[in-house]
Amino acid sequence: MSQPSAPSPRTRLVREADRAVYDRAAAYKILDEGFICHLGFVADGQPFVIPTSYGRVDDNLYIHGSAASRMLRRIDEGIAVCVTVTLLDGLVLARSIFNHSMNYRSVVILGAAHAVTDAIEKLEALRLLSEHILPGRWAESRQPNEKELKATLVMRLPIEEFSAKVRQGPVVDDEEDYAFCTWAGVIPLTMVAGEPIDDARLLPDVKAPQYARAYTRKR
């Protein structure tokens, strides 16, 4: 169900405001199709941006990394973070170089993330991360043991302050450039999975499951 959200002063789009999306359902659809986010924060005066996988459940985003990560431990202290997810849908080639663009969908989330300390929630978050990337894989894999769980840090970021930005559509050229003799149009871009490649030490008679053979990020 659509849940429009009023943007904050920090998430309200000023430039190209017509591309702004503040609807939770639309933003969540983008988040659910992607699986790599970039986590930005400042530690000791130095900006960092870390690419990592994520998963969403309801109004929370979960990310994970090594429990030994000094940077993730700093995030758990409550410092401000910025998470971005971008999906690239096409190259928009105009007649003018200046008017070239891209079709894309993106989400920005601002807030503070904290470590998940509850053992049940932590395991469920890891299952969520796995299922977000490859639905069906968790149930067929060996579950994480105590040592692996201890070595893993799971962070929860409430999705409270966010905005999305979407550019879809054809070329927009200056009127006088439409007479310029050069091709213009859109090159669609999609993520396409190839044929699964068996591991060299796969047990006899074990075949790639359907979720691997028909993998897609479309939601």
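Asker: Teacher, can you tell me more about the overall build of the protein here?
Answerer: Counting secondary structure elements, the protein contains six helices and 10 strands. Taken over 219 residues, the protein has a buried fraction of 37%. In the protein, once contacts between residues fewer than 6 apart in sequence are set aside, the share between residues at least 24 apart is 74%. Carbon and sulfur atoms provide 58% of the accessible area of the protein, an area that totals close to 13,500 Å². Charged side chains in the protein number 27 positive and 29 negative. The centres of these two groups are separated by 4 Å.

Asker: Teacher, can you tell me more about the pairing of strand β4 (residues 60–66) here?
Answerer: Side chains on a regular strand alternate between the two faces of the sheet. The sheet contact formed by strand β3 (residues 46–57) and β4 spans four bridges and is antiparallel. Directly across from R56, in β4, lies its bridge partner L61. Where β3 folds back onto β4 in an antiparallel hairpin, the turn is made up of two residues, including D58, whose phi is positive at roughly 55 degrees. Judged from the seven bridges that link them, β4 and strand β8 (residues 152–158) form a sheet pairing that is antiparallel. From the neighbouring strand, N60 faces β8, where its bridge partner is P158.

Asker: Would you mind showing me how to read the environment of T11 here?
Answerer: Its place among the elements puts T11 in the segment before β1 (20–21). In this structure T11 comes out as buried when scored by relative accessible area, which is 4%. Once the C-alpha coordinates of T11 and I109 are considered, the two residues, 98 residues apart in sequence, prove to be 8.3 Å apart. For T11, the residues in contact, after removing those within four places along its chain, are Y22, L110, E161, F162 and S163.

Asker: Help me understand the side chain of S163 in this model?
Answerer: Note on placement: S163 falls in strand β9 (residues 161–167). Residue S163 is classed as buried on the basis of its relative accessible area, which comes to 5%. Contacts of S163, omitting those with residues within four sequence positions, involve T11, L13, V21, Y22, S106, V107 and V108.

Asker: Please explain helix α3 (residues 119–133) as it appears in this structure.
Answerer: Each α-helix winds once per 3.6 residues, and so residues spaced three or four apart point in a common direction. With 15 residues, α3 ought to run about 21 Å at 1.5 Å a step, and its terminal C-alpha atoms sit 22 Å apart, in line with that. Looking at α3, one finds that the buried residues are K122, A125, L126, L128, L129 and H132. For α3, the buried positions fall inside an angular range of 155 degrees around the axis, keeping them on one side. In α3, the exposed positions that point more than 90 degrees away from the buried face belong to A119 and I120. With a side-chain oxygen positioned 3.2 Å from the backbone nitrogen of I120, the residue opening α3 is D118.

Asker: Could you clarify how one ought to interpret the side chain of N99 in this entry?
Answerer: Inspection of the secondary structure puts N99 in the loop between β5 (81–93) and β6 (101–111). By relative accessible area, N99 is classed as buried at 15%. A polar side-chain atom of N99 sits 3.5 Å from a polar atom in the side chain of D173. In this view, N99 contacts A94, V172, D173, D174 and D177; residues no more than four positions away in its chain are not counted.

Asker: Please explain the pattern of salt bridges as it appears in this structure.
Answerer: Side chains that differ in sign of charge can pair as their charged atoms come close. Taken as a whole and assessed by the stated rule, the structure comprises 11 salt bridges. Residues R95 and D173 are paired through a salt bridge, measuring 3.0 Å at the closest nitrogen-oxygen approach. You can see R95 sitting in the loop between β5 and β6 and its partner D173 sitting in the loop between β9 and β10 (185–188), a full 78 residues away along the chain. Of the residues examined, R95 reaches a relative accessible area of 24% and is grouped as partly exposed.

About the criteria used
- Residues numbered from 1 in each chain as written.
- Predicted model: local features only at pLDDT ≥ 70, side-chain atom pairs only at ≥ 80, totals over all residues.
- Heavy atoms only, no water.
- Helix = DSSP H or I, 4+ residues; strand = E, 2+ residues; numbered from the N terminus.
- Buried < 20%, exposed > 50% of the residue type's maximum accessible area, 1.4 Å probe, protein only.
- Contact = heavy atoms within 4.5 Å.
- Areas by Shrake-Rupley, 256 points an atom, 1.4 Å probe, with all protein chains shown as cover.
- Lys, Arg positive; Asp, Glu negative; His and termini not counted.
- Charge placed at Lys NZ, Arg CZ, Asp CG, Glu CD.
- Pairing = 2+ DSSP bridges.
- Expected span 1.5 Å × (residues − 1).
- Arc of directions from axis to C-beta.
- Polar contact = N/O pair within 3.5 Å; in protein donor to acceptor, adjacent residues only side chain to side chain.
- Salt bridge = Lys/Arg side-chain N within 4 Å of Asp/Glu carboxyl O.

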